[in-house]
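What the coordinates show
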Amino acid sequence: MTAVIETVGVGKRYGRLWALTDCTLSIPAGHVVGLVGPNAAGKTTLLNLATGMLAPTAGTIEVLGGRPAAGPAQLARVGYLAQRAPVYAGLSVADHLSLGAHLNPGWDADLARSRIERLDLSLGQKAGTLSGGQCAQLALTLAVAKRPELLILDEPVASLDPLARREFLQDLMEAVAEQGLSVVLSSHLISDLERVCDYLIVLVASRVRVAGPVEELLATHHLLSGPRRDPGTLPAGQQVISASHTDRQTTLLVRTSDEVLDPAWTAAEVTLEDLVLAYMNEAAGRGRHNHRLEAQS
Amino acid sequence: MIWLTWRQSRIKAASAAVVLAAFAVLLAVTGPLLASMYAVSTLGTCQGDINACGAYADDFLQQLDASHGGGLILGAGTYWLLYLLGFVSILVAPVVIGIFWGAPLIAGEFEAGTHYLAWNQSITRTRWLAVKLTLTGLAALAVTEALSLMEAWWATPISLAVARGACCSPLAMNQFSPLLFATRGITPLGYAAFAFALGVTAGVLVRRAVPAMALTLAIFAVFQVAMPLGVRPHLFPPDHTIAAFSSFDSLDVPIENNTFTAIPNGWGDQPEAWVLSTGAVNTSGTPVSAVPADCLQAIQAASGKASHPALLDCLTSHGFEIAVTYQPASRYWAFQWTETAIYIALALALAGYCFWRIRRRLS
């Protein structure tokens, strides 16, 4: 499995504050990868490192086998739609297409024009007067029409209304299907990603909590409920991600590659949202725990 | 990238072109009138050297002053105003360029976040910056130097009058005077390059256009005051000489408590030199300020009036002369080149810092 983004112990510090610490991950090619995590998990920092907008303070990062933004060739292989989809307010839609054509040797003018026509954007309109959704679509057009191998999107739908969200993601999926791109998109809302991603990475406080193909994650995670019981007594192959107890009942999210055979449990299908929230909670709990230990020592 | 730079700055380019055109029209209309005024003046028709025509040179300049007589078509004071307007335009152009072209050049992209768009096209940000800096910077130099050349052409009659011996009109400025030195020759190029680079650097550091503009204005103002007052006189070691009282066009000798100060005006020997300091000395070259006893009587005869010929004659009879510290006129272009080189070097250093910062450190 070749990696589109490969990081080893990568970290980024702003002054005395670390936005990302010791992050090691490998994002495989040929997928639409969702990068999920709470705010301040380091998602944007990671994506900015991957596009060379930032240089890492520690560790190494490789994108498509090269150093991010190392030169024109590397830049041509990666498309980036940054947070809030910046466009030049004073330039028209047509100007943006010219910009793309002038600055990208691999520019696909037909693709760009047909996308703009389909999206019903008027060429003469100034980008500053476009709606949030239209700006995002214009920025996506620029990122797609340069014909990258990897498309990186940072919170692409965060500022869009639900209808625009759906349209944007649908449109993105069409572009992906046509061009066979690898895609990495970040969000703190799993509901945005559920429909489009086939690979998921949960990033909490710079750490990868879980990563894998969505189908596989759903198949190996089970929501178990049964009579109250200590999670420590589960078979060795079952890893407890989250546990909640009432006086009589215990509900567990467990990860296991084997089938759950114990008849005491009622097993239920897990949703992607349950899964992501469980991993985020687990990390938060562990963080509190660590904190308490530090306070004691 | 050239296309994008042009597309982003064409409104600024158009406004600069409008200002230049307005300036050019104003000077093109009034310049020939000024020239014809010169041609028919007593100075213009006077054939001969400074001794023969020097007095007419001041007459001509006084014609241009508001308080004296009418002009040909325009009121005479108009030329004086135009002359000043020219200076102000050339002095202000670099800082206006630094503020409105330099400061927002990169800071504007940071503010709008559009550098995320620009830096993710298939072009390195080094090239992006290089094209932006080069094109806009060259335009800044061209605009400022164009203003300077137009003004110098327009003011040819005034320069001629000064060269032919005018000394005492406010328009008769020495070529080293801060106003004239900073607006003629090649110094405007240095100022424009420095102000522009300063604006860009301030924008890269502050990342907000408006504070960067304020910072540009403040720092550039400090440089423009410090350079003529503190640095320029010391660029070359000055020459020293002793000159007779009579070699000056006029000499004021105010007296207080039996000590005098000699304040000479217009150095006839070297009218185009830059006089840095002067002081009275005796025959052995030692500075003097006490009025000799016999000269006090001469003052009483002259009822204490400064510069009275009797007093000057008396001081002269004691062998007093004026020690002059000065930069000879022949160093004018050495000063021009050195100062311009300093500013260009500063501009290049700032630009280099911008490249380093944008490539390495940028968040």
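What counts and what doesn't
- Residues numbered from 1 in each chain as written.
- Chains lettered and ligands numbered in written order.
- Predicted model: local features only at pLDDT ≥ 70, side-chain atom pairs only at ≥ 80, totals over all residues.
- Helix = DSSP H or I, 4+ residues; strand = E, 2+ residues; numbered from the N terminus.
- Expected span 1.5 Å × (residues − 1).
- Buried ≥ 20, exposed ≤ 12 C-beta atoms within 10 Å, placed from the backbone.
- Contact = placed C-beta atoms within 7 Å.
- Nonpolar A, V, L, I, M, F, W, Y, C, P; charged D, E, K, R; others polar.
- Domains from an automatic or database assignment.
- Pairing = 2+ DSSP bridges.
- Axes fitted to C-alpha atoms, helices over the stretch in contact; angles between N-to-C directions.
- Core = buried A, V, L, I, M, F, W, Y, C linked by C-beta atoms within 7 Å.
- Parallel < 35°, antiparallel > 145°, perpendicular 65-115°, else oblique.
- pLDDT = per-residue confidence, 0-100.

Right, let's get into helix 9 (residues 187-206) of chain B. Residues and elements named next belong to chain B. With 20 residues, helix 9 should cover 28 Å at 1.5 Å per step; its first-to-last C-alpha distance of 28 Å lies within 8% of that length. Of all 20 residues making up helix 9, 18 are buried, and the element is well covered by its neighbours. Looking at the residues trailing helix 9, positive phi occurs at Arg207, about 70°.

Residues and elements named next belong to chain B. Along the chain, Trp267 turns up in strand 5 (residues 263-267). Considered as a pair, Trp267 and Ser250 are 17 residues apart in the sequence and their alpha carbons are 8.5 Å apart. Ignoring anything within four residues of it in the chain, the contact list for Trp267 reads Ser247, Phe248, Ala273 and Val275.

This next bit is on the interface of chain B and chain A. Of the residues lining the interface, 17 residues belong to chain B; the matching set on chain A comes to 28 residues. Among the secondary structure elements, those contributing two or more residues to the side of chain B that touches chain A are helix 1 (2-40) and helix 5 (115-118) of chain B. Examining the composition of the side of chain B that touches chain A, we find that three residues originate from one element, helix 1 of chain B, more than from any other. Of the residues assigned to the side of chain B that touches chain A, the class counts are eight nonpolar, seven polar and two charged.

This brings us to the domain arrangement of chain A. All names here are of chain A. As far as domains go, chain A holds domain 1 (3-205) and domain 2 (215-296). Relative placement of domain 1 and domain 2: their C-alpha centres are 33 Å apart. Across the contact, nine residues belong to domain 1 and eight residues belong to domain 2. Every element with two or more residues in the side of domain 1 that touches domain 2 is listed here: helix 7 (190-194) and strand 8 (199-204). Of the residues assigned to the side of domain 1 that touches domain 2, the class counts are seven nonpolar, one polar and one charged.

All names here are of chain A. Non-glycine residue Leu64 carries a positive phi angle of around 50°. Within the secondary structure layout, Leu64 lies in the loop between strand 4 (58-63) and helix 2 (72-77). Leu64 gets classed as partly exposed once you count the C-beta atoms within 10 Å, which come to 19. Even without a glycine there, the phi angle at Arg84 is positive, about 60°. Along the chain, the position of Arg84 falls in the loop between strand 5 (78-81) and helix 3 (93-103).

Our next topic: the domain arrangement of chain B. Residues and elements named next belong to chain B. Taken domain by domain, chain B holds domain 1 (2-6 + 26-234 + 339-361) and domain 2 (239-327). Relative to domain 2, the C-alpha centre of domain 1 lies at a distance of 38 Å. Between domain 1 and domain 2, the contact holds six residues from the first and seven residues from the second. Taken together, the residues that form the side of domain 1 that touches domain 2 break down as four nonpolar, two polar and no charged.

This part takes up the sheet that holds strand 4 of chain A. Residue and element names in this part refer to chain A. Strands sit in the order 2-1-4 across an open sheet of three strands; the sheet is antiparallel. With one partner strand each, in any of the chains shown, strand 2 (17-28) and strand 4 form the two edges of the open sheet. Strand-to-strand, the axes of this sheet are offset by a mean angle of 20°, without reference to chain direction. Strand direction decides the pairing type here: strand 1 (residues 3-14) and strand 4, joined by five bridges, are antiparallel. Directly across from Thr7, in strand 4, lies its bridge partner Ile61.

Attention shifts here to the nonpolar core. Membership of the largest hydrophobic core comes to 154 residues, with the highest contact counts inside it found for A:Ala139 and B:Ala192. At 14 residues, the largest contribution of residues to this core is made by helix 4 (residues 77-112) of chain B. Discounting chain neighbours no more than four positions away, the residues touching B:Ala192 are B:Ala93, B:Pro94, B:Ile97, B:Ala140, B:Leu141 and B:Thr144. Grouped together as the second largest cluster of nonpolar side chains are 25 residues, B:Val253, B:Trp267, B:Ala280 and B:Ile322 included.

Quick look at the sheet that holds strand 6 (residues 150-154) of chain A now. Residues and elements named next belong to chain A. Strand order in the open sheet formed by six strands is 5-6-7-3-8-9, and the pairing between neighbours is mixed. Strands at the two margins of the open sheet, each flanked by one partner only, are strand 5 and strand 9 (207-213). On average, adjacent strands in this sheet sit at an angle of 15° to one another, irrespective of strand direction. Alignment of strand 8 against strand 9, held across six bridges, turns out to be antiparallel. Looking at the pairing, Tyr199 lines up with Pro213 of strand 9. Together, strand 3 (32-36), strand 6, strand 7 (182-187) and strand 8 form the strand contacts of helix 1 (residues 43-50), whose direction differs from that of strand 6 by roughly 150°.

This brings us to the packing of helix 5 (residues 132-145) of chain A against helix 6 (residues 162-179) of chain A. Residue and element names in this part refer to chain A. Running from N to C, helix 5 and helix 6 point in directions that differ by 10°, and their axes come no closer than 10 Å. With respect to their mutual orientation, helix 5 and helix 6 come out roughly parallel. Listed contacts from helix 6 to Gly133, Ala136, Gln137, Leu140 and Val144 of helix 5 are Ala164, Phe168, Asp171, Leu172 and Ala175. A breakdown of the residues in the contact of helix 5 with helix 6 according to their chemical character gives seven nonpolar, two polar and one charged.

Our next topic: the confidence of the model for chain A. With 95% of its residues at a pLDDT of 70 or more, chain A has an overall mean of 86. A low-confidence stretch, residues 287-297 of chain A stays under pLDDT 50, and its non-local contacts, those more than four residues away or across chains, total one contact.

All right, on to the packing of helix 3 of chain A against helix 1 of chain B then. Packed helix pairs are characterised by how far apart their axes lie and by the angle those axes make with each other. Two numbers describe how helix 3 of chain A lies on helix 1 of chain B: the axes approach to 9 Å, and their chain directions differ by 150°. When the axis of helix 3 of chain A is compared with that of helix 1 of chain B, the two are roughly antiparallel. Residue-level inspection shows A:Asp95, A:Ser98, A:Leu99, A:His102 and A:Leu103 of helix 3 of chain A in contact with helix 1 of chain B, the latter providing B:Trp3, B:Leu4 and B:Arg7. Residue composition of the contact of helix 3 of chain A with helix 1 of chain B, grouped by class: four nonpolar, two polar and two charged.

Another aspect to go through is the pairing of strand 11 (residues 239-245) of chain A. Residues and elements named next belong to chain A. Across six bridges, the pairing between strand 11 and strand 12 (residues 249-255) is antiparallel. Directly across from Ser242, in strand 12, lies its bridge partner Leu253. The hairpin turn running from strand 11 into strand 12, its antiparallel successor, is three residues long.

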